[in-house]
Amino acid sequence: MAGHEFSEPEGRKRQVADPTTTPRAAEETRHPCDPAFKHGVVVGFDGSTSSERALSYAIGMAHRSGSGLIIVHVANRLPTTVWAGCEPPVFVDVPDHRTEVLGLELACADYLSEVPWILVERGGDICHELEEVGHEYSADAIVVGSTHGLVGRIFGSVAGRLARRAQRPVVVIP
């Protein structure tokens, strides 16, 4: 059986997909990163003591390499259902005003005057989001603080999971 070809009206042009282009649905949802921070240092920061130590180390690392500092705060996500065995839990992004508070604290910090820096807020899995930001900025390294306590032992630490899956060097600060 032969296929049929329908002719287009002369005034109407047919749109044909360009095979050299790639779909950009995921790229359009994110804002393009600032080119001044390409090949910078990404640091996870939540205001905890371990993240403050990681930030201090990342500042020195960015200063020595002459690059920018990308400070990432990942907002909390809370499960809306309990895992019932066959269905995974659904997560909802909760408005996290902590990022605004952290931004104000960082803006007033004298120790950040040594390097150019930006604060990026994300929501979701911490490991995935830090690696995603590292990929977007073509970061030279990701710096995180180590997790201490029961939660880290039960669920695995962010630093450990990130070190196993990251595509760039991960520096874990104790």
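Residues numbered from 1 in each chain as written. Predicted model: local features only at pLDDT ≥ 70, side-chain atom pairs only at ≥ 80, totals over all residues. Heavy atoms only, no water.

A.B. asks: I tried to follow the packing of helix α4 (residues 126–136) against helix α6 (residues 158–165) on my own but got confused; where do I start?
C.D. replies: The axes of two packed helices give the description: the angle between them and the distance between them. Look at α4 against α6: their axes get within 9 Å of each other, and the N-to-C directions meet at 50°. Put simply, α4 runs oblique to α6. α4 and α6 meet at a crossing whose hand is right-handed. Note on element contacts: α6 touches α4 through Val158, Arg161, Leu162 and Arg165, opposite Ile126, Cys127, His128, Leu130 and Glu131. Among the residues forming the contact of α4 with α6, the class breakdown is five nonpolar, one polar and three charged. (Axes fitted to C-alpha atoms, helices over the stretch in contact; angles between N-to-C directions. Helix = DSSP H or I, 4+ residues; strand = E, 2+ residues; numbered from the N terminus. Parallel < 35°, antiparallel > 145°, perpendicular 65-115°, else oblique. Left-handed = near helix turned anticlockwise from the far one by under 90°. Contact = heavy atoms within 4.5 Å. Nonpolar A, V, L, I, M, F, W, Y, C, P; charged D, E, K, R; others polar.)

A.B. asks: Explain unusual backbone geometry here, please?
C.D. replies: Excluding glycine, a negative phi dihedral is what most residues carry, and trans is how most peptide bonds are arranged. A positive phi angle, close to 60°, is found at His39, a residue other than glycine. With relative accessibility at 45%, the residue His39 sits in the partly exposed group. Phi at Ser138 is positive, roughly 50°, even though this residue is not glycine. Secondary-structure assignment places Ser138 in the loop between α4 and β6 (141–145). Here Ser138 falls in the partly exposed class, since its relative accessible area comes to 26%. (Buried < 20%, exposed > 50% of the residue type's maximum accessible area, 1.4 Å probe, protein only.)

A.B. asks: Honestly, the pairing of strand β7 (residues 170–173) in this entry has me stumped. Any pointers?
C.D. replies: For a regular strand, side-chain orientation follows a simple rule: the groups alternate between the two sheet faces. Burial of β7 is one-sided: the residues Val171 and Ile173 facing one way are buried, the residues Val170 and Val172 facing the other way are not. In the sheet, β6 pairs with β7 via four bridges, with the strands oriented parallel. For Val144, the partnering residue across the bridge sits in β7 and is Val172. (Pairing = 2+ DSSP bridges.)

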